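As a plain string of letters, each chain reads:
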Amino acid sequence: MSDPAPLAPVSDRKKHVPYVPETMEMKEFTLRAVLLGLLLTVVLGAANAYLGLRAGITIAATYPAAVIAMAAMRAWKGSLLEENIARTAGSIGESVAAGAIFTIPAFLLAKAWPTFFSVGAYLKSTALIMVGSILGVLFISLVRRGMVEDPELPFPESLAASEIHKAGQRGAQAAKYLFWNIGIGGVVYILGKFGLFAADTDLHAGVGSLGHSQVRLGSAGSTHVVPTGGITVFAAPSVSPAYLGVGYIIGVRLASIQFAGSVLAWGLMVPLMMFFLGPQLKAYIPADTPDNWATMADAVWRYIVRPIAVGGMLVGAAYTLFKMRASLTAGIGKAIGDLRQTADQQAKLARTERYMSSKTVFSLIAVMFVLMCLLYIKISGLVWPAILAAVVMIVVGFFFATVSGNLVGFIGSSNNPISGLTLSTLLIAALLMVALGVSGTSGVAAVLGVAAVVCVSSAVAGELLQDFKVGYILGGTPQKIQTAELIAVVVASLVMYFPLMLLHEGSIKAGGVGFGGAELPAPQAGLMATLAMGIVGHDMPWPLVVVGIFFGIAMIMMQVKSPMLVAVGMYLPFGTTFAIFVGGVFRSLGDWVAERRGFNSAQKARVENAGVLVASGLIAGEALLGLVWAGLQFVPSWGAPNHPPQIFNNPSYLVGGMIVLVGLAALMIRLPATAAGDPSEPAPPTAMM
């Protein structure tokens, strides 16, 4: 990314004219708009919590929220600015969810919390999420004006969302692609759970021959030989509407980079380890059965390969921040400069430029700081280290919230490297705890507490700045947008624990392990827990992490586009990344179909929009029914024999699963092409996810 050009003098800039003039009176902050937004923030937030825990990726909710708000408000004869308030409140739940899933499960993975199914876990989770969310709103409010009005920040997703609101008729028509596929995604997921088809299958492959294979450590005839041989495992792509939808949205290039990490893990590292460790592992399994070999292969991946992936993620996060150093410096500079704005300057602002006063913002930040000190003392059981952790959070949190907003202005909230910012915070806090002589569970809890608040704060700040930009374009009132966001983040914070708890406890009741297991890998939270325990608790396999660090450096030297994405691919299950890759292939096939049919650029834009809505619907459908399924695990009769009822006792992947996969492929490739429309129609805004 090139350095941003210096801003033109204010007198030389063309005055911005919003879509709704500042003198026009229009309904905006209404009860129905706020209630619709709160419903959307809960639903889209829960869906993204499910997706993030399972796939390690969240999808920006701005576009689906805009389409749903458009459809609902048109039915209610609402105004454009009401739609904007509903979208604003509705999209923030995704950011709250992202901050929560990246850090809250880490407390359990690091054993800082004994259980997640308790009133105490709810109160601590909610307090951390709420403090971080409110601080994110307050921090970005201090620097909003300069960043929103900066002509060098393109705000791609904000521009797309604002154009969707303007293009009312197209938005209402587009809603059918979203709503119908929510139903399809949910039905496919439930049918898989009821045994109509197998959603996953493992493929066993011999690596050498146990008892016969060997490696000679010497020249021909040398007696120095190492017995080798074993069995490794590959997974077929999961038949998952959500994973396929993620791959479709991010495209085949990014999906390929992530899948490359899994290929390295399961195609190179695990087979290599199984080849050399096979004779030793044989002693730990009672019989030569494929399932037990699969368990050992999984253990090799989990405890040897994953720490290497952690080292790669460390380098990837640092490299991402380094590449964005110019944007980071510019964002911090703007934040400091805008704090010098006087009261007289603020008083002269028009309706479309008014926002919460600096006095109110600073007062609320002071209140949040006191609450943070009390919260960190409660979580860690320490006093002065907890207060120091709160100070670190306020300082680092403000700068990273500003940085997050600046990055969203350049690349959109979908690509905002929140985990990298959080990782930097965690390292700073962990090293401070070590310097203070703090160790053990208390120190780990304090470090994770700082990381959780900064993570949520940065995610919310970036999304709010994006919403401010949409309001700036449409002519919304910033103060009302702030109020809607504050209400929404409080509501999202109060309910975000429940989807996390349902998924974790539901997984356990269904025979899984919850967070960190195959069903809920939670890669970012696992990374945070590993680092916190490793630095503060002195419990990290450093040689493996160092190997991963050198692996990450090698990827940078090879000019790999995203070392972080490769490392995340190594960390996730093979079937997950395989399915995401297949979704990316479906997107490429859809583009090929559009090209073959001779669509012009306007038609291709409409096909792209419809495709993103189809994929978003599939994701939301599986996510919502996935939460329902997790909740059903708490019904006492659900665990009884022959319950839940199965359509087939031994459902097939090769027959049933592949038929469903082909059906989803046809849906995702052919359905968007029906939205191409007339070639003479003007091009709509593209869905910049």
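Just above, that's the structure.
Conventions adopted
- Numbering of residues begins from 1 in every chain and follows the order in which that chain's sequence is written.
- Predicted model: local features are reported for residues with pLDDT of at least 70 only, side-chain atom pairs are reported and counted for 80 or more only, and whole-chain, interface and lining totals are derived from all residues.
- For the side-chain quantities, the full set of heavy atoms in the structure was used; hydrogens and water were omitted.
- Using a 1 Å grid laid over the protein atoms alone, points where a 1.4 Å probe fits but cannot get out form a cavity; open sets with protein on both sides within 12 Å along at least 5 of 7 lines form a pocket; any residue with an atom within 4 Å of a point counts as lining.
- Grid points are joined across faces, edges and corners, and a volume is the space filled by probe spheres set on the points.
- In this count, Pro and Cys sit with the nonpolar residues alongside Ala, Val, Leu, Ile, Met, Phe, Trp and Tyr, while Asp, Glu, Lys and Arg are called charged and the others, Gly among them, polar.
- Each helix corresponds to a stretch of at least 4 residues labelled H or I by DSSP, and each strand to a stretch of at least 2 residues labelled E; elements are numbered beginning at the N terminus.
- A helix is expected to span 1.5 Å multiplied by its residue count minus one.
- Whether a residue is buried, partly exposed or exposed follows from its accessible area with a 1.4 Å probe, protein chains only, as a fraction of its type maximum: under 20%, in between, or over 50%, in that order.
- Any Lys or Arg side-chain nitrogen found within 4 Å of a carboxyl oxygen on Asp or Glu counts as a salt bridge.

Caption draft 1: Main features of empty space enclosed by the protein. Evaluated as defined, the whole model comprises two cavities of 30 Å³ or more. For the second largest cavity, the calculated volume is near 30 Å³. Every residue along the wall of the second largest cavity is listed here: Arg144, Thr352, Phe468, Gly471, Tyr472, Gly476 and Pro478. When its residues are assigned to classes, the lining of the second largest cavity shows three nonpolar, three polar and one charged.

Caption draft 2: Region of the structure containing helix H15 (residues 478–495). Under the 1.5 Å per step criterion, the end-to-end length of H15 is 26 Å for 18 residues, consistent within 8% with the ideal 26 Å. Along H15, the residues that are buried comprise Pro478, Ile481, Gln482, Ala484, Glu485, Leu486, Ala488, Val489, Ala492 and Ser493.

Caption draft 3: Helix H19 (residues 563–571), seen in detail. The buried fraction of H19 is high, at nine of nine residues. All of the buried residues along H19 are Pro563, Met564, Leu565, Val566, Ala567, Val568, Gly569, Met570 and Tyr571.

Caption draft 4: Region of interest: unusual backbone geometry. The phi dihedral of Lys77 is positive, around 55°, even though this residue is not glycine. Within the secondary structure layout, Lys77 lies in the loop between helix H2 (62–75) and helix H3 (80–109). Not every positive phi belongs to a glycine, and Ala522 is a case in point at roughly 45°. Its relative accessible area of 1% is what places Ala522 among the buried residues.

Caption draft 5: Fine view of the pattern of salt bridges. Taken as a whole and judged by the stated rule, the model has eight salt bridges. Across the pair Glu608 and Arg587 runs a salt bridge, and its minimum N-O distance is 3.9 Å. Here Arg587 lies in helix H20 (residues 574–596) and Glu608 lies in helix H21 (residues 601–632), a separation of 21 residues in the sequence. Accessibility expressed as a relative area gives 25% for Glu608, which makes it partly exposed. Across the pair Lys604 and Glu595 runs a salt bridge, and its minimum N-O distance is 2.6 Å. Relative accessible area serves as the criterion here: at 51%, Glu595 is assigned to the exposed category. Connected through shared salt-bridge partners, Arg54, Glu519 and Glu622 make up one network.

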